[in-house]
Protein chains: 2
Amino acid sequence: MKPYSELSRQELLELKVQLKAQYKEYQKRKLTLNMARGKPGQDQLNLSMGMMDVLNSDSDLSCEDGTDCRNYGVLDGIEECKDLMADMMEVRPENVIIFGNSSLNVMFDTVARSMTHGVMGSTPWARLDKVKFLCPVPGYDRHFAITEYFGIEMINVPMLPTGPDMDMVESLVASDPAIKGIWCVPKYSNPQGISYSDETVRRFARLKPAAVDFRIYWDNAYTIHHLYDHDQDHLIEILAECKRAGNPDLAYKFASTSKISFPGSGISALAASENNLTDVRAQMKVQTIGHDKVNQLRHVRFFGDIHGMVEHMRKHADILRPKFEAVQNTLERELGGLGIGSWTNPKGGYFVSFDAMDGCAREIVSRCKKAGLIMTGAGATYPYGKDPHDSNIRIAPSFPALSDLQLAMEVFTCVVKLVSVDKLLADMDTPA
Amino acid sequence: MKPYSELSRQELLELKVQLKAQYKEYQKRKLTLNMARGKPGQDQLNLSMGMMDVLNSDSDLSCEDGTDCRNYGVLDGIEECKDLMADMMEVRPENVIIFGNSSLNVMFDTVARSMTHGVMGSTPWARLDKVKFLCPVPGYDRHFAITEYFGIEMINVPMLPTGPDMDMVESLVASDPAIKGIWCVPKYSNPQGISYSDETVRRFARLKPAAVDFRIYWDNAYTIHHLYDHDQDHLIEILAECKRAGNPDLAYKFASTSKISFPGSGISALAASENNLTDVRAQMKVQTIGHDKVNQLRHVRFFGDIHGMVEHMRKHADILRPKFEAVQNTLERELGGLGIGSWTNPKGGYFVSFDAMDGCAREIVSRCKKAGLIMTGAGATYPYGKDPHDSNIRIAPSFPALSDLQLAMEVFTCVVKLVSVDKLLADMDTPA
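Now for a description of the structure that goes with this document. (Residues numbered from 1 in each chain as written. Chains lettered and ligands numbered in written order. Predicted model: local features only at pLDDT ≥ 70, side-chain atom pairs only at ≥ 80, totals over all residues. Heavy atoms only, no water.)

1. Focus on the overall build of chain A
Along its length, chain A carries 13 helices and 13 strands. Computed over C-alpha atoms, the radius of gyration of chain A comes to 23 Å, within 12% of the 22 Å expected from 2.2 N^0.38 for 432 residues, which places it in the range of a compact globule. By principal-axis analysis of the C-alpha atoms, chain A measures approximately 75 × 55 × 35 Å. A total of 432 residues make up chain A; the buried ones form 61% of that total. Pairs at least 24 residues apart make up 76% of the contacts formed inside chain A by residues separated by at least 6 positions. As displayed, chain A offers around 16100 Å² of accessible surface, 49% of which is attributable to carbon and sulfur atoms. Side-chain charges of chain A comprise 48 positive and 56 negative groups, with the mean position of each set lying 5 Å from the other. (Helix = DSSP H or I, 4+ residues; strand = E, 2+ residues; numbered from the N terminus. Rg over C-alpha atoms; globule rule 2.2 N^0.38 Å. Buried < 20%, exposed > 50% of the residue type's maximum accessible area, 1.4 Å probe, protein only. Contact = heavy atoms within 4.5 Å. Areas by Shrake-Rupley, 256 points an atom, 1.4 Å probe, with all protein chains shown as cover. Lys, Arg positive; Asp, Glu negative; His and termini not counted. Charge placed at Lys NZ, Arg CZ, Asp CG, Glu CD.)

What follows is the structure in structure tokens.
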């Protein structure tokens, strides 16, 4: 197939007629398809139903150290749960605090605490004229929503195939003391599925920030969320690398079991240096008596240990892999060689990132919607919802059943072609 | 028995010898007794073990409206859980937001949000020179810890048998725009077990605060936590009363199931006007995707409805009642008529409040500790840990087994007598 850019006006017009007919056929089918969010599908949820059986009325709900998990107490998590999460997060148990059901909540609270109380004794951000965060783009909309909520100025940093543009990160962080943080999804990034290269992680650990209260917000959301057993990305562990580089307090590492057990009913954790954790506990002990220990125990009893967790993730992968492959196959078959879009091919995580021709993303998402297919809103992957090229679209293959997904991708690629043809025709009509 | 104040120096000295011998006997027994916190006892925890059985791997984890509780979604709580908590909180379901496992966390977040974002559009408190809270005393240490953490100045307001001194509350609130809130435990208050009178609640609802962002922090922690089935305190519902008084946005009402199901693994809720809830949701949607819906469902399936919950609370009462009665009986038997202490006799809640002679509380708690009995720290019931009279001690009868509690109260009353005798002797030695 010839690239669309090489087609004549007449050829484009003929193609348009054909695509429009196809689009109308889809519309007639009154589809309701949703690829908007990284929600696990029902078959994935079924994998964790055993979790409802590990504790029953005959169970001893005590920890190994004798703590009764049913009562108040234990501020920062039961020991066996710290062990499990430490193995998952590749850190020591003593560097882990267990929280509630949402790592997003932990990140929000981390920024909120910095606003009112600073970081390890620094000036509270609320008292500063200006606070800025670096935002690798495209990125995760809920990260950007937190910094926007607190009035923090967000600076776009382009993602490269190796991770964020580190030349830019190093230079900005070193020169501007108003820059207090950077949002990172370092492994199978949201939405591109990029894992940061070894060099990128090493450069992160060696940052020389102008602000003493600068922190790397390392949201390792997809740490064991591989699609392939033997073809996995491996990330250098950031806290260890920071320690080796002499910057032990530089990073907060976040994780949760949301896409391992049940989203919304899992456990979350923060890993950081002892100095950082002391700072966090000073708030935490005022904020709560402790998080849900019965649920912590439930997770420990269900998974047993990290091997059990990894085996469980293989079952998730078996369900997700065909979905990701269906996305890739349809994109390649329908759009390969046309020059109207590019996309990523991640080995894990929850997303595929699609880049349309400049100025086409909003229109594509809008026309998908009119054909019954909900995609993540165009612009969502950028701070303030503003994609400067209006080109990035996040594809979330996990939620629809495989057959629906197949159909959804056919609708999507049809719409991409239709909008691209319109765009090329419009460009021809625009005087140079 | 004669009041100690009428005893001669010689009589006091003889009494001291006797009490010291008794105290040493207790010390020899190497006791480990704890009445420090309002923790349910083990037999109370056993009441909720059935909660571990209501959901199993064969259960349908869907809500009545079809929502799959295992997946992401539903920001502010599933409908049937709002129904249950609304009945418990005596409000409409649409005025309820369900949160995580801790109402303390909800209160903390409410103050934190006011610091960074104000209340319904008011100036963020972090930008004000001075923010103050009224604190009825004695009160709950964890409330005071929140306001202290945020640098909010706390003003003591004396508790009367009818609730806080409303003359003082009305006058302070009306005259000082820096006063932004008041901490209230309106029913079976912590630590006195006082329930606010009808007039007190009516006056609360009719406050005319100088600050538009003043709110009543109504922590109804013990709403259905009665000791007696037919001898219950009844409180006028604050949100309805505020609405009737034309001040619908004046109060936040907090509650949780912490002392109903398992502490730390329960659910919490906030009830407030639609305006207030809209304000809260604006933060909440950035902070989390949603709280633990499976646990919400577990509570609904276990209790069924408010009647089930009330029946469950009768079982708690059956366990707690003998403990509260043992406290009362020992206090009356050992200290009645001696004029060295007074105490409350609540019909519900988790505490009995004891007032020693001025200047004796710290010494009593310290000597109890040396005999193996841990009481709540003296001063804990006052802001900044400073009891101006050094007289108040909180007694928490719930955690020890009945036999231990009996012994603990004997140790306590022995220590009260000993310290009081010392105090009276010291006063005799002090030149007028």
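Next, the rest of the story.
2. A short note on unusual backbone geometry
Of the consecutive residues Val137 of chain A and Pro138 of chain A, the connecting peptide bond is found in the cis state with omega at -5°. With omega at 10°, the peptide bond leading from Asn190 of chain B into Pro191 of chain B counts as cis. Secondary-structure assignment places Pro191 of chain B in the loop between strand S6 (179-184) and helix H7 (198-205). Even without being glycine, Asp390 of chain A reaches a positive phi, approximately 45°. Locating Asp390 of chain A in the fold gives a position in the loop between strand S12 (373-375) and strand S13 (392-395). Unlike most non-glycine residues, Lys30 of chain B shows phi in positive territory, near 50°. Relative to the helices and strands, Lys30 of chain B is located in the loop between helix H1 (9-28) and strand S1 (33-35).

3. Some words on the relation of the copies chain B and chain A
In this structure, two copies of a chain are linked by a rotation about an axis accompanied by a shift along it. Once chain B has been moved 0.0 Å along the axis and rotated by 180°, it coincides with chain A to within an RMSD of 0.0 Å. Such a turn and shift between the copies fits a two-fold axis. By residue overlap, the copies meet face to face through one surface: 100% of the interface positions of chain B are interface positions in chain A. (Least-squares fit on C-alpha atoms with pLDDT ≥ 70 in both.)

4. A closer look at the pattern of salt bridges
Counting across every chain of the model gives 58 salt bridges over all chains. The salt bridge partner of Arg281 of chain B is Asp76 of chain B, with a shortest N-O separation of 2.8 Å. Taken as a pair, Arg281 of chain B in helix H9 (residues 274-287) and Asp76 of chain B in the loop between helix H2 (42-46) and helix H3 (79-89) lie far apart in primary sequence, 205 residues in all. Among the residues examined, Asp76 of chain B registers a relative accessible area of 12% and is labelled buried. If you follow the salt bridges from partner to partner, you end up with Lys16, Glu363, Arg367 and Asp422 of chain A in one network. (Salt bridge = Lys/Arg side-chain N within 4 Å of Asp/Glu carboxyl O.)

5. A few points about the side chain of Ser195 of chain B
Residue and element names in this part refer to chain B. Assignment of secondary structure puts Ser195 in the loop between S6 and H7. Polar side-chain contacts of Ser195 include one of 3.1 Å to the backbone nitrogen of Tyr188. Discounting residues that sit within four places of it in the chain, Ser195 has contacts with Pro161, Thr162, Pro186, Lys187, Tyr188 and Asp233. (Polar contact = N/O pair within 3.5 Å; in protein donor to acceptor, adjacent residues only side chain to side chain.)

6. Here we look at a negative patch on the surface
A cluster of acidic residues, Glu64, Asp65, Glu79, Asp83, Asp87 and Asp305 of chain A, forms a negative patch on the protein surface. As for its position among the elements, Asp65 of chain A is in the loop between helix H2 (42-46) and helix H3 (79-89). (Patch = residues over 30% accessible without salt bridge, like charges linked within 9 Å, V, L, I, M, F, W, Y side chains within 5 Å.)

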